[in-house]
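# Structural features, examined
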Amino acid sequence: MASDAEKIAELNAIVEAVRERVRGAHRNGAGSGSLSPVHVQSVDLMPMVHARDAAQAKVAAIGSVNPRAGGLVNKIVQTVKKTIARSLQWFVRDQIAFNRESITALEATIEALTSMNRDLLALAAQTNTDARELQDIREHWIAWRAGWEQKLAANEIQLLRTTAELQSAFQHRATLTESNFREIV
């Protein structure tokens with residue numbers, strides 16, 4: 001049967017092997033003893049905003065007639081164009097509705113992504129705060145454990161002493177009771 005010292009040595013070897021495996025899996029924190037902060041970069045939504053603005057300009061342009069310089073011929077041309085645009089209104093109505101709904105969907109997407117960016121940054125900040133707290137706990141764990149083991153050893157010694165004293169007191173009473181009994185008999 002292995003002694004307590006051999007069991008402790010074996011347990012320490014197992015713990016050290018696990019630590020080495022963890023260090024091997026996480027090389028960025030190996031040897032430093034600290035947790036690296038989480039860096040999150042928010043998504044740049046400006047290209048989507050520019051695309052939305054360009055699409056809104058095109059939506060407004062459907063059905064409008066491009067302007068011309070003044071004059072009688074140009075006024076007649078503009079009148080013909082406006083008449084054609086009005087007559088084709090029934091044909092492009094669905095396209096205009098689709099374009100407006102697409103812009104609405106794009107705006108909702110931009111809002112959702114903006115909200116996700118904010119939430120992601122807040123989550124990264126919370127994760128970094130939690131990581132600092134865990135690092136603090138980890139740093140103080142060894143000192144706390146050593147103190148706890150000392151208290152545990154002191155309590156065990158006190159318990160064994162008290163048990164030994166109770167055992168000797170019991171043995172003394174049993175001896176006295178036995179001797180009194182023999183005297184009576």
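Computed from a predicted model, the values in this text were never measured in an experiment.

In this structure the tally under the stated criterion is 3 aromatic pairs. Aromatic side chains tryptophan 141 and tryptophan 144 sit 5.0 Å apart centroid to centroid with 35° between the ring planes, which places their arrangement in the tilted category. Taken as a pair, tryptophan 141 and tryptophan 144 lie in helix α4 (residues 89–184) at a separation of 3 residues, close to a single helical turn. Both rings, one in tryptophan 144 and one in tryptophan 148, keep their centres 6.2 Å apart while their planes meet at 15°; by these two values the pair is stacked. With tryptophan 144 and tryptophan 148 both in helix α4, this residue pair falls 4 residues apart, about one helical turn. Residue classification places tryptophan 148 among the partly exposed positions, given a relative accessible area of 42%. Site record: aromatic cluster; members linked through ring pairs are Trp141, Trp144 and Trp148.

What follows covers a nonpolar patch on the surface. Together, Leu72, Ile76, Val80, Ile84, Leu88, Trp90 and Phe91 line one region of the surface with nonpolar side chains, adding up to about 770 Å² of accessible area. Every element with two or more residues in the nonpolar patch is listed here: α3 (72–87) and α4. Broken down by element, the nonpolar patch gets its largest block of residues, 4 residues, from α3. Here tryptophan 90 lies in helix α4.

Once that is clear, we can look at the packing of helix α2 (residues 46–61) against α4. For the pair α2 and α4, the least separation of the axes is 10 Å and the interaxial angle reads 160°. One way to sum up the angle between α2 and α4 is to call them roughly antiparallel. Regarding α2 and α4, the two cross each other, and that crossing is left-handed. Facing α2, whose interface residues are Met48, Val49, Ala51, Arg52, Ala55, Gln56 and Val59, α4 presents Asn99, Arg100, Ile103, Leu106, Glu107, Thr109, Ile110 and Leu113.

Quick notes on the rules
Residues numbered from 1 in each chain as written. Predicted model: local features only at pLDDT ≥ 70, side-chain atom pairs only at ≥ 80, totals over all residues. Heavy atoms only, no water. Phe/Tyr/Trp six-rings, centres within 6.5 Å; stacked < 30°, edge-to-face > 60°. Helix = DSSP H or I, 4+ residues; strand = E, 2+ residues; numbered from the N terminus. Buried < 20%, exposed > 50% of the residue type's maximum accessible area, 1.4 Å probe, protein only. Patch = residues over 30% accessible without salt bridge, like charges linked within 9 Å, V, L, I, M, F, W, Y side chains within 5 Å. Areas by Shrake-Rupley, 256 points an atom, 1.4 Å probe, with all protein chains shown as cover. Salt bridge = Lys/Arg side-chain N within 4 Å of Asp/Glu carboxyl O. Axes fitted to C-alpha atoms, helices over the stretch in contact; angles between N-to-C directions. Parallel < 35°, antiparallel > 145°, perpendicular 65-115°, else oblique. Left-handed = near helix turned anticlockwise from the far one by under 90°. Contact = heavy atoms within 4.5 Å.

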